[in-house]
Amino acid sequence: MDLRIQKTRQNIFQAFIELREKYPLEKITVKELTERAQISKQTFYLHYRDMYDLSERIEQSMIQEMLKELPYPENILTHTGEVTKQLFQKAIDQGHNFRVIFSGSRVSALTEGLETCLKNALYEKCPKYRTDLRANILITILVQGCYHAYEQYSTIDQDRVVSIISKIADEISNECK
């Protein structure tokens, strides 16, 4: 990729993070972002349709990066606790920018994106699960439920909460077998 394009995208990303730290996505304008990134509106529109397109691309990139480092995401049904623990660790490792991007109205983008990507990884390795309603519901419950439980209790003791959630995820998965 051209170095100028890389630098422009990095400036846009950095400006977006700074603005998202202060405002919900719905309150950020292209004008504010372009001024902060020191680019023209035309340059922004060469890369993105609007602020939502930018946000969605960043979100998808972060989810893909997180899952890329996950050894076997397709094992969500067979090694549920371990995959769950790895997912949480990857999300925690992503740090501040990850929490900023997936905040406010964009929280559901994380769980929906993870759910879709995990299902796709599973379907790629085991196509029979594409039509297995039980397996699909289980993944939905695991992703959505584990995330919301984590959000509710993570201020207590992050490591302990992740450990408990992973064990419960294993129990739920084992009950469904």
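Residues numbered from 1 in each chain as written. Predicted model: local features only at pLDDT ≥ 70, side-chain atom pairs only at ≥ 80, totals over all residues. Heavy atoms only, no water.

Regarding the pattern of salt bridges
Next, step 1: Under the defined criterion, the tally for this structure stands at eight salt bridges.
Next, step 2: Notably, a salt bridge pairs E18 with R36, separated by 3.1 Å at the nearest N-O pair. One end of the pair, E18, is in helix α1 (residues 3-22); the other, R36, is in helix α2 (residues 30-37), and 18 residues separate them in sequence.
Next, step 3: Take E18: its relative accessible area is 27%, and that puts it in the partly exposed class.
Next, step 4: Across the pair R49 and D53 runs a salt bridge whose closest N-O atoms are separated by 3.5 Å.
Next, step 5: Residue class for R49 comes out exposed when judged on its relative accessible area of 60%. (Salt bridge = Lys/Arg side-chain N within 4 Å of Asp/Glu carboxyl O. Helix = DSSP H or I, 4+ residues; strand = E, 2+ residues; numbered from the N terminus. Buried < 20%, exposed > 50% of the residue type's maximum accessible area, 1.4 Å probe, protein only.)

A closer look at the confidence of the model for the protein
Next, step 1: For the protein, the average pLDDT comes to 91, and 99% of its residues sit at 70 or higher.
Next, step 2: Mean pLDDT per element in the protein: helix α5 (residues 80-94) is the minimum at 89, and α2 is the maximum at 96. (pLDDT = per-residue confidence, 0-100.)

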